[in-house]
Amino acid sequence: MVKRTLLYLFTVSLSVLLISFTGQGKEQGFPQTQIKTVIIDPGHGGDFPGARGSFSKEADVSLSVSLKLGKALQQQFPDLKIIYTRTTDANAGNRSTLKDDLRYRADLANSSGGDLFISIHCNSTSPIRHRQLTGYKTATFYVGKGKKKRKVTRKVPQYHYWTTPNPAKGTETYIWAANKDEAKIQSISQNNEYGEIDSLSNITMPDPNDPAEKARMLIYTQKYFRKSIMFGDLIEQGFKAQGRVDRGGVKQRNDKGIWVLQAAGMPSVLVEIGFISNPDEEKYINSDKGQSDIVANIVNAFTIYKQKVESKSVNSQIN
Ligand SMILES: [Zn+2]
């Protein structure tokens, strides 16, 4: 009897162990190490054009790079299933609000059983404002009231204002930060240097009091966080090797702009392929050469990532 109970306990704990290694029990008995489905997410589109450069818009550049990325991945890995969150300049899933558009992207990624989520965006910063004193103008004012009212003249400085493009350039790869303290999620800074974040103000952030959100955050933290860092790091290292400006490696951010990263239940990165607000980089990210460099780098990072993830055993830390 004791033996039987022990055997039963052993079997149960083994099953629990195996299920915990297989994602949400997708394939029972074996670890989920095969990367079969990749979700490619071209940022923005349709009613939500994203950042604007002097001659192009973010939605178009991200779509072009995303389609080329999918094609290149498919060529190199014919068995890989590629799912795009959009393939035209339209709202994702033809959803009318930005909130639903983003929700659709995450839902599609999840319902397609994605193993990796790659979101492609362009960065942008505000132009630099300048002011130069051009001279003075004499202006007349009245001071006092009633009989005491009198006329005075003052010299008022005259300025010429103009802006120049912000020279910020380079690539950035973001992952959703894994917060151990869930309360932090609620106090996520709204302050952001990226203009596009403002337009996402109607997105609801994960509510740590909602059990489903809480569970998803926990799974992200436990299962996907390290893989996301690894993949993001490979992408950033590759950009650096291509001579792009390194803006500090993989960055963790929790704000509305990258909400979709944690909503997709899989390792996920958001790649800012360059600054559309920088005239040189805008040309580069629109050019065939620039786009093929970017694609080649992400394909290379994916190749290494896939090999690493798939070669890891059940006991691996990375799983
Ligand atoms: Zn964007």
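Note: the structure precedes this text.
Residues numbered from 1 in each chain as written. Predicted model: local features only at pLDDT ≥ 70, side-chain atom pairs only at ≥ 80, totals over all residues.

1. Notes on the overall build of the chain
Inclusion rule: Comment: elements are numbered from the N terminus, with helices defined as DSSP H or I runs of at least four residues and strands as E runs of at least two. Buried means a residue has 20 or more other C-beta atoms within 10 Å of its own C-beta, exposed means 12 or fewer, and partly exposed covers the counts in between; C-beta atoms are placed from the backbone. Here contacts are defined at the residue level, using C-beta atoms placed from the backbone and a cut-off of 7 Å between them.
Across its full length, the chain holds nine helices and eight strands. Residues counted as buried form 32% of the 319 residues belonging to the chain. Taking as baseline every contact in the chain between residues at least 6 positions apart, the subset at least 24 positions apart corresponds to 75%.

2. Considering the environment of I82
Structurally, the position occupied by I82 is in strand 2 (residues 81-84). C-alpha of I82 to C-alpha of G70: the two residues are 12 residues apart in sequence and 6.4 Å apart in space. Those residues in contact with I82 that lie beyond four places of it in its chain are V38, I40, G70, L73 and Q74.

3. Quick word on the sheet that holds strand 2
Here is the rule we go by: When DSSP locates at least two bridges between a pair of strands, those strands are taken to pair. Comment: axis = line fitted to C-alpha atoms, over the contacting stretch for helices; angle = value between 0 and 180 degrees taken between N-to-C directions.
Read across the open sheet, the six strands follow the order 2-1-3-8-6-7; overall the sheet is mixed. Unpaired on one side and paired on the other, strand 2 and strand 7 (246-253) mark the two borders of the sheet. With strand direction ignored, the average angle separating the axes of adjacent strands in the sheet is 20 degrees. Both strand 1 (residues 37-42) and strand 3 (residues 116-123) contribute to a ladder of five bridges, which runs parallel. Looking at the pairing, D41 lines up with S119 of strand 3. Along the sheet, helix 2 (residues 58-76) contacts strand 1, strand 2, strand 3 and strand 8 (268-275); its crossing angle with strand 3, the most-contacted strand, is approximately 145 degrees.

4. Here's the deal with helix 3 (residues 98-111)
Our working definition: Any helix carries an expected span of 1.5 Å times its number of residues minus one. The directions considered for the arc run from the helix axis to the C-beta atoms.
Given a rise of 1.5 Å per residue, 14 residues ought to cover 20 Å, and the 20 Å separating the end C-alpha atoms of helix 3 matches this to within 8%. By the burial criterion, the buried members of helix 3 are L98, D101, L102, R105, A106 and A109. The buried side chains of helix 3 occupy one side of the element, clustering within an arc of 130 degrees when seen end-on. Buried residues along helix 3 sit in contact with strand 1, strand 3 and helix 7 (259-263). Once helix 3 finishes, G113 follows within two positions and takes phi at roughly 65 degrees, a positive value.

5. A look at the packing of helix 2 against helix 9 (residues 288-311)
In plain terms, the rule: Just so you know how the angles are binned, under 35 degrees is roughly parallel, over 145 roughly antiparallel, 65 to 115 roughly perpendicular, and the rest oblique. Left-handed describes a crossing whose near helix is turned anticlockwise from the far helix by less than a right angle; the clockwise case is right-handed. When residues are sorted by character, Ala, Val, Leu, Ile, Met, Phe, Trp, Tyr, Cys and Pro go into the nonpolar class, Asp, Glu, Lys and Arg into the charged class, and all the rest, Gly among them, into the polar class.
At a minimum axis distance of 9 Å, the contact between helix 2 and helix 9 shows a crossing angle of 45 degrees. When the axis of helix 2 is compared with that of helix 9, the two are oblique. Crossing handedness for the pair helix 2 and helix 9: right-handed. Here S64, V65, K68, L69, A72, L73 and Q76 of helix 2 come into contact with helix 9, specifically with Q291, I294, V295, I298, V299 and F302. Classifying every residue of the contact of helix 2 with helix 9 gives nine nonpolar, three polar and one charged.

6. Remarks on the packing of helix 6 (residues 211-241) against helix 9
With their axes 9 Å apart at the nearest point, helix 6 and helix 9 run at an angle of 145 degrees to one another. Note on packing geometry: the crossing formed by helix 6 with helix 9 is right-handed. Packed against helix 6, whose contacting residues are K227, M230, F231, L234, I235, G238 and F239, the element helix 9 presents N297, I298, N300, A301, I304, Y305, K308 and V309 at the interface. The residue inventory of the contact of helix 6 with helix 9, partitioned by class, reads 10 nonpolar, three polar and two charged.

7. Here we look at helix 9
Its 24 residues place the ends of helix 9 34 Å apart at the C-alpha level, agreeing with the 34 Å of an ideal helix rising 1.5 Å per residue. Among the residues making up helix 9, those that are buried are G290, I294, V295, N297, I298, A301, F302, Y305, K306 and V309. Contact partners of the buried residues in helix 9: helix 2, strand 3, helix 6, strand 8 and helix 8 (279-286).

8. A short note on unusual backbone geometry
Positive phi values are uncommon outside glycine, yet H44 reaches one of about 65 degrees. Here H44 shows up in the loop between strand 1 and helix 2. Its identity is not glycine, yet N94 carries a phi of approximately 55 degrees, on the positive side. Within the fold, N94 resides in the loop between strand 2 and helix 3.

9. Some details on the nonpolar core
In a soluble, globular protein the nonpolar side chains are often hidden away together inside. Heads up, the rule is: The nonpolar core criterion groups buried Ala, Val, Leu, Ile, Met, Phe, Trp, Tyr and Cys residues into a set whenever they are joined through C-beta atoms within 7 Å.
The biggest cluster of nonpolar side chains holds 49 residues, and the ones touching the most others in it are I118, I235, V260, A264, V269, V271 and I298. Not counting the four nearest positions on each side in its chain, A264 is found in contact with I39, A106, A109, N110, G114 and F117.

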